[in-house]
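Listed below are the residues making up each chain.
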Amino acid sequence: MKKLLDFLKNPPVAFLIFIAVIALAAIVTGTLFLVPGGITGNVYLGFALLGIGGVAAAYFIYGVFRIKNEVKAKILKWAENHKFWNKLFHSYGFRTITFSIGSFAITTAFAVYNGAIALGMVFSPNVASTTAIWFGALAAYYLVLIILRGSILLYHTKRRKAVQSGQPETQTNMRDIKVYGKCGILLLLLPICLSFAVLQMVSEDVAFEHSGIMIYVYAIYAFYKIITSSINFIKAHKTDEMTVRASRNINLADALVSILALQTAMFREFNYGDTSLNSALMNAVTGAVVCALTVAIGIFMIVMANVKIKKLKNELND
């Protein structure tokens, strides 16, 4: 018994992976027993599976916290012999820009997807124009995100070459600040694109849709996105790297839209009876708040860039 307790107290990595698989399988299966359109059967079995999954997930989290320092030390030691990974683990700025490549690729995929649907609907006589406007607005929104994220990535490529060629630090800082300010200006375009989508939500009852189990998956993703973006937003503003700040600001603005998308999808999935007016009102309010916060972030970036430029010029003149 003592050996078993010691084993459970300090679980090996392989066992934790097994527990994670059990937790995921139990939660997914249990949810399918409970959601409409899922597996038909005993509802109590669904709750039992969710309970098992919850306990397994709690133990997995406990185990991760028990071994995280040991695993982290091994990973960092391994990374010392690999330049890219070592820099990724130790440089917050490098890590931010590297992960931005993934965000850029995903944003591009969304833009192409929504743009293709919008174009297809424009040339289809049997599709309402309002639906084409909805997908067109989303495509335009993602296109602005592509420009924002792509411009930062492109600038960093040029920045690295300029620094390697001996560009003065003050000149580099000035360019960083100007890029930060330009991103603030571009960020003001996002609410314009989003407002067309919000208008379709309110007036034409067009919305994001995630049916069945996918609504729960998207809910987890949306909350994860807003929490991590908020944390990274705070972290980034403790550094002096302006392009890192710009990247995190963009991610936060994008995460706010995820919350709006989740709300509209939940209204669409769970809205019954004569509550459509309340749904439209809530979508309008949330959409207006998201647009206002995005504008606030953009204006803040523009003002901050101007302040820093003036401060840097004064330092150079002194």
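The structure we're discussing is the one just above.
Residues numbered from 1 in each chain as written. Predicted model: local features only at pLDDT ≥ 70, side-chain atom pairs only at ≥ 80, totals over all residues. Heavy atoms only, no water.

### Quick look at the overall build of the protein chain
- Tallying secondary structure elements over the protein chain gives 11 helices and zero strands in all.
- If you list the helices and strands of the protein chain from N to C, you get α-α-α-α-α-α-α-α-α-α-α.
- Buried positions account for 37% of the 318 residues belonging to the protein chain.
- Looking at the protein chain alone, contacts between residues at least 24 apart form 74% of all its contacts between residues at least 6 apart.
- By element, 69% of the accessible surface of the protein chain is carried by carbon and sulfur atoms, the whole surface being about 18,800 Å². (Helix = DSSP H or I, 4+ residues; strand = E, 2+ residues; numbered from the N terminus. Buried < 20%, exposed > 50% of the residue type's maximum accessible area, 1.4 Å probe, protein only. Contact = heavy atoms within 4.5 Å. Areas by Shrake-Rupley, 256 points an atom, 1.4 Å probe, with all protein chains shown as cover.)

### A few points about the side chain of N232
- With respect to the secondary-structure elements, N232 resides in helix α9 (residues 214–236).
- Classification of N232 as buried rests on a relative accessible area of 18%.
- In contact with N232, other than residues within four places in its own chain, are Y92 and R248.

### Here we look at the pattern of salt bridges
- Scanning the entire structure with this criterion turns up three salt bridges.
- Between R159 and D176 there is a salt bridge, with the nearest N and O atoms lying 2.9 Å from each other. A residue pair is termed long-range when its members are at least 10 positions apart, and R159 in helix α6 (residues 129–164) and D176 in helix α7 (residues 169–187) qualify at 17 residues.
- Looking at R159, the relative accessible area reads 25%, which means it is partly exposed.
- The exposure class of D176 is buried, given its relative accessible area of 6%. (Salt bridge = Lys/Arg side-chain N within 4 Å of Asp/Glu carboxyl O.)

### A look at a positive patch on the surface
- Taken together, K83, K87, R160 and K161 make up a surface patch of like positive charges.
- If you list the elements that add at least two residues to the positive patch, you get α4 (83–90) and α6.
- Note that K87 resides in helix α4. (Patch = residues over 30% accessible without salt bridge, like charges linked within 9 Å, V, L, I, M, F, W, Y side chains within 5 Å. Lys, Arg positive; Asp, Glu negative; His and termini not counted. Charge placed at Lys NZ, Arg CZ, Asp CG, Glu CD.)

### Remarks on the packing of aromatic side chains
- This model, assessed by the stated rule, comprises five aromatic pairs.
- Residues Y141 and Y142 carry aromatic rings whose centres are separated by 5.2 Å and whose planes lie at 75° to one another, so their mutual orientation is edge-to-face.
- A relative accessible area of 3% places Y141 in the buried class.
- A relative accessible area of 16% places Y142 in the buried class.
- Among the aromatic residues, those joined into a ring-pair cluster are F15, F18, Y59 and Y62. (Phe/Tyr/Trp six-rings, centres within 6.5 Å; stacked < 30°, edge-to-face > 60°.)

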